[in-house]
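Structural description and commentary
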Amino acid sequence: MSPAQQHEDVARKMFESLASGDTTPVAPYLQEQSLVKFRGANPLAGDHRGPAAIASVLQRMLALTAERQGKLELFQVIANEDHAMTRFRLQASSGSRALQTIGCQVTRLSGGKISEVWYSFDDPYGFDACYG
Amino acid sequence: MTSPAAIRVIPSETPQRTEPPRADSAEYISSWLIERIASLLERPPQEVDVNMPLQRYGIDSVEAVVISGDLEELLGRRLDSTLVWDYPTIAQLAEHLGVAARTPPSDVLKGRAEARSEPAPETAPRKHGFEHFDDVKNHERRLSLLSIPTVGNPYFRLSEGTNGDRAIINGKEVLNFSNYNYLGLSGHPEVSQAAKDATDRYGTSASASRLIAGERPVHRDLEESLARFMGVEDSIVYVGGHSTNVSTIGHLFEHEDLIIYDALIHDSVLRGAELAGASRVPFHHQDFDELEEILARRRKDYRNVLIVVEGVYSADGDIPDLPRCIELKKRYSCFLMVDEAHSIGVLGKSGRGVGEHFGVNPADVDIWMGTLSKSLASCGGYIAGSKRLIQYLRYTSPGFVFSVGMPPPNAAAAVTAIRVLEREPERVTQLHQRVNFFLKLAHEHNLDTGTSKDTGVVPVIIGDTLQCIRLADILLYRGINVAPMVYPAVSNNGARLRFFISSTHTEEQIRYTVETVAKELGRLKRMFSGSFEVLESDEPVVEPPNAALARDGFEGFVKMDIRVLSRQLHEDVVYYFPGNSPIAGVHRGKDNVLDFFVNASRCTFGTLNVRLKTILSDENHGVLVWRNSGYLPELDLRLETEICEILTVTNGKVSEAHWYVADQKAFDDFLIAGTKLLEKYQQSGPTPRNPFA
C-alpha cells in the first residue's frame, strides 16, 4: 500500500471516529502531539491535543450531533504522502433551525501518524448557529 | 521523472489504419512533440506523458518559444507565441493544432468573404466592443489592483521640470532615478539652445519624409556626427527608437532567415523579427555557449542568420561578452546587431559604447543600433554601419521612407549632445564613479543588485510584485522617485526597483537613497509580507495534471497573474466562497470569478502572506492546503488561518471551486476591516499615502 493509500485509510478512520464519537478506529494513529482543531463560536471550538482530548471532543461532537438528529456522510477522500482531505455532508437540526452543510476534514500526517486535523464547513456560521 | 504508472502515450484513434497519419493531424503532432520533448529531456519517448504540463518537465519560457518556432516550421504556418502556455500539455496542444489544421485556409477565406458580404447571425460575435475583449478586461483588473492605497499606481506620474537628477512631483522636489538622462545633457544649456535655434531656423517639424522634401542640413550633420563618434562609415536616424529596430530588422531579413537573440532582448527586436517572418530562437540571457550550440545545430538550414544582443540590458544593467559574439558571428558567417540604447554614452572611456568598452573593431559589428533619447538628450534612434547598408536603408527602409523626418530641433539637440560629450568625456568618468559608489553602498546594505556592473542601470531586486510597487510608493514619500519593474517586464518573482544613475547625481544624493531604500525595504518585509512560499524542489516537479493545474492557479492567484487565472477558468466556473465578508457568496462565470480574485486582493491590501502546505489531486480534482497570514498596520489587525481549496477540473479547466477556511471568523473580520479601510481611502482621495507616516 502506498503512503497516499495508507493516508486515505487513516483519513477514513478519522472520519469514522468523528461520526461515531469513538476514537478506537483511529487510535493507532494518534500520538501525544496529535492536534484536532475546531474554530468558530460553538462548544467544539479550540485546540484539542493528545488522544484523551481528541476522544473528548469527538464524543462531544457525537453528543451534539445526536441531540440534533444529525447525520454525517462521507463522500470524498483525496490523499498524498503528507496530507488527506476528506469531505462529508452534515445534516442536523436544532429547534426550527435546519443545517445542511458540507464539512471538510484536513489531516496532516507524519511518519504514518496524525499530526493535525482541522475541520471547516462551507456554512460555518450555520454550523455555529446549529451546534452553538 | 515520472513513474512508469504515469506514462501514457496518446492512443491512436484508429489503430487499424495502415496509412501514416497526416502531417498536420493531432496524432502526428502529438508524436512529433513526444519525440521533441524526449530529445530535449534526453529520455526515451515512452517516458513522456502527453497529459503532463510541459512546465513540469522543467521546460522554461525560452524552450517553449523554441518549441513554438519548431512547430511553426513543422506545420508551415504562423503560431501564437503563447501557444505552449495556452495549451500546456502535449495532448491539448496537439488536439488544438490538429483541429486548426482541419479548417482548410480556403474555407477560412471563403467564410471571411461571406461574413463580410452577409453576416450570418450564428457566426457574428455575441458581444461587440473593446469592453468585451478578455485582454481589456484583464488589464482593467490589473489597474484596479494598482488603486489599492499603500500600493499606489506608479505609472504616468506627472512630473514638472527637466527630467534630470531631480524632478518635481505633486509640487515637491524629489531625487530622480527614473530617467535615462545618463549624462545630464537633456537640460544642458548648450543643447537646449541648439534645439531653440533649429526651431527658429527650420520650424518644429520636418513636415515631409526626408526622401521627398524633409531633408535638412541638421539631419546630415547628425548622421555624420554619429558615424564619426561610433567609428563607422555612415548612419541613419529614425524618429523612434522602437521603430528603428522594428523597421530595420523587419526590412532586412525574411522568412528564409534565422534571428537568434538574447532572451532578455528588447521588445522592438522581437517585433522586428516577427515582421521579418524569420525563424526566431532565443538563447538564455548571456548564455553564449547556448548561442554557439544553436549556431552549430541550425546555421546550415538558413540563408542568413542574425544574432542580436544589447550593449547594456536595461532590466539587469549587465553587459554581453561582445568579443565572444564577434568570434561566433565570424565562425558561423552570421550578421551581428548590437542595440546600444543603454550603452551609448555610458560604456567606454569616452562613452562610445560597448565596442569601446571591449576595444573591438567597430566594423566587426554589422549593425549598430542606438537611441538618441538617453545619453544623447533627444528622441529617435539610429542605425550605424557600412555605407552600403545605410544607403540601402535610406532608400528602402519603410520606417524611414514612409515616415516624416526627425524634427530639426531634436536632430540639433542630438548633434550638440554628441559635441558636448566629445568635448567633456569626464561626464562619462563621473557616471562610472557614481555607479560604482551606488553599487558599493548597496552591497554594504545587502541590497540585491543582480548582475549590474559598470552601467547606468542598477536594479534593486525585491522579488515580490506588490512589495516592489509599494516600496516605490513609500520611497516617493521619502523624496525618491524610482520606477518599479514588475511582471511581465521581468519574471514573476523578479520584481525590482530600477535605478538609472546619472553623472549629475551627487554622492550625498546616492548615499541618502541607498540608506533609505535599505531601511524602508527592511520595514516593508517585516510589516507587509504580501508574498508567498510554495513547495519548491531543486528537481523538476513532476505532478499529476490536476495537481500541476492547482499549483499554477495558486501561484497565479497569489501573484495576481490575471492571465494565468483567466486561462485556467472554465467559462461557466462557479466559485463558492464561504463566510459573511463582502466578497463571500457564490460567484458564477469567469468574469465574476476574476473580479472576485481582484476584490479579494484589494480588500486585503495585498498583505497576505501565503504558505502552500500541500497539493492533492485525483482524476477530477486539485486540492490546495495553505496557511494565510496577514497584517493591516493601520488597524494593527493580524490574521492567521489555514485554508483548503477544492477545485473541480473539467477538460483541463477549473469548473468549480470550494473554499474551506479553518478560522472563518478571523478571516471575515480581516476582509471586512480591509474593505472598510479601502472605502475610507477611496473617500479621502487618490493621493498615495505612506503607511508608516
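One can find the structure itself at the top, above this paragraph.
Now for a look at the structure at hand. Being a predicted model, the structure only gives us computed values, none of them experimental. (Residues numbered from 1 in each chain as written. Chains lettered and ligands numbered in written order. Predicted model: local features only at pLDDT ≥ 70, side-chain atom pairs only at ≥ 80, totals over all residues. Heavy atoms only, no water.)

1. Brief notes about the overall build of chain B
Check the secondary structure of chain B and you find 24 helices and 20 strands. Taken over 693 residues, chain B has a buried fraction of 55%. Put simply, 68% of the contacts in chain B that link residues at least 6 apart link residues at least 24 apart. Of the accessible surface of chain B, which amounts to about 30400 Å², a share of 51% is contributed by carbon and sulfur atoms. (Helix = DSSP H or I, 4+ residues; strand = E, 2+ residues; numbered from the N terminus. Buried < 20%, exposed > 50% of the residue type's maximum accessible area, 1.4 Å probe, protein only. Contact = heavy atoms within 4.5 Å. Areas by Shrake-Rupley, 256 points an atom, 1.4 Å probe, with all protein chains shown as cover.)

2. Here's the deal with the pairing of strand β3 (residues 234–238) of chain B
Each regular strand carries side chains that alternate between the two faces of the sheet. Residue and element names in this part refer to chain B. The element β3 is extensively covered by neighbouring structure, given that five of its five residues are classed as buried. Burial along β3 is two-sided: the residues Asp234, Ile236 and Tyr238 and Ser235 and Val237 are all buried. Bridge analysis of β3 against strand β9 (residues 381–385) gives five bridges, and the strand direction is antiparallel. What sits directly across from Val237, in β9, is Tyr382. (Pairing = 2+ DSSP bridges.)

3. A few points about unusual backbone geometry
Residues and elements named next belong to chain B. The phi dihedral of Asp454 falls on the positive side, at around 65 degrees, and the residue is not glycine. Tracing the backbone shows Asp454 in the loop between α18 (426–444) and β10 (457–463). At Asp636, a position not held by glycine, the phi torsion is positive, near 50 degrees. For Asp636, the position within the fold is in the loop between β18 (621–632) and β19 (637–650).

4. Re the interface of chain B and chain A
Taken together, the contacts link 24 residues of chain B with 23 residues of chain A. Interface area for chain B against chain A, summed over the two sides, is near 1800 Å², with a carbon-plus-sulfur share of 63%. Broken down residue by residue, the surface that chain B buries against chain A is led by Leu616, Tyr660 and Ala662 of chain B, which jointly contribute 31%. Summed over the shared surface of chain B and chain A, the result is one salt bridge. (Buried area = accessible area lost by both parts, 1.4 Å probe. Salt bridge = Lys/Arg side-chain N within 4 Å of Asp/Glu carboxyl O.)

5. Structural notes on the sheet that holds strand β4 (residues 83–94) of chain A
Residues and elements named next belong to chain A. Here six strands make up an open sheet; going across it, the order is β2-β1-β6-β5-β4-β3 and the pairing mixed. This sheet does not close on itself; its edge strands, each paired only once, are β2 (46–49) and β3 (71–79). Recorded for the sheet is a direction-independent mean angle of 15 degrees between the axes of neighbouring strands. Bridge analysis of strand β1 (residues 35–38) against β2 gives four bridges, and the strand direction is antiparallel. Bridge pairing links Val36 to His48 in β2. Strand contacts of helix α1 (residues 3–20): β1, β3, β4, β5 (97–110) and β6 (113–121), with the helix running at about 165 degrees to β3, the strand carrying the most contacts. This element, helix α2 (residues 50–67), spans β1, β2 and β3 of the sheet and lies at about 125 degrees to β2. (Axes fitted to C-alpha atoms, helices over the stretch in contact; angles between N-to-C directions.)

6. Looking at the packing of aromatic side chains
Centre-to-centre distance and the angle between the planes together describe a pair of aromatic rings. Residue and element names in this part refer to chain B. Per the counting criterion, the structure on display carries 25 aromatic pairs over all chains. A ring pair is formed by Phe283 and Phe288, whose centres lie 5.8 Å apart and whose planes are at 50 degrees; its orientation type is tilted. For Phe283, a relative accessible area of 0% corresponds to the buried category. When the centroid spacing of 5.2 Å and the interplanar angle of 90 degrees are considered together, the rings of Tyr575 and Phe597 count as edge-to-face. Pair noted here: Tyr575 is in strand β15 (residues 569–577) and Phe597 is in helix α23 (residues 590–603), with a separation of 22 residues, a long-range link. The buried category is assigned to Phe597, whose relative accessible area is 2%. Ring pairs connect the aromatic residues Phe554, Phe557, Tyr575, Phe577, Phe596, Phe597, Trp626, Trp659 and Phe667, which therefore count as one cluster. (Phe/Tyr/Trp six-rings, centres within 6.5 Å; stacked < 30°, edge-to-face > 60°.)

7. As for the packing of helix α12 (residues 288–298) of chain B against helix α13 (residues 322–331) of chain B
All names here are of chain B. Two elements in contact, α12 and α13, have axes whose closest approach is 11 Å; the angle formed by their N-to-C orientations is 5 degrees. On the basis of the axis angle, α12 is roughly parallel to α13. Counting all contacts with α12, which are made through Phe288, Asp289, Leu291, Glu292 and Leu295, the residues of α13 involved are Arg324, Cys325, Leu328 and Arg331. (Parallel < 35°, antiparallel > 145°, perpendicular 65-115°, else oblique.)

8. So, the packing of helix α6 (residues 134–146) of chain B against α23 of chain B
Packed helices, taken two at a time, are described by the angle their axes make and the gap between the axes. Residue and element names in this part refer to chain B. Running from amino to carboxyl end, α6 crosses α23 at an angle of 15 degrees, the nearest separation of the two axes being 9 Å. Considering their axes alone, α6 and α23 lie roughly parallel with respect to each other. α23 is crossed by α6, and the crossing has right-handed handedness. Across the interface between the two elements, Asp134, Lys137, Asn138, Arg141, Ser144 and Leu145 from α6 touch Lys590, Asp591, Leu594, Asp595, Val598, Ser601 and Arg602 from α23. Considered class by class, the residues forming the contact of α6 with α23 number three nonpolar, three polar and seven charged. (Left-handed = near helix turned anticlockwise from the far one by under 90°. Nonpolar A, V, L, I, M, F, W, Y, C, P; charged D, E, K, R; others polar.)

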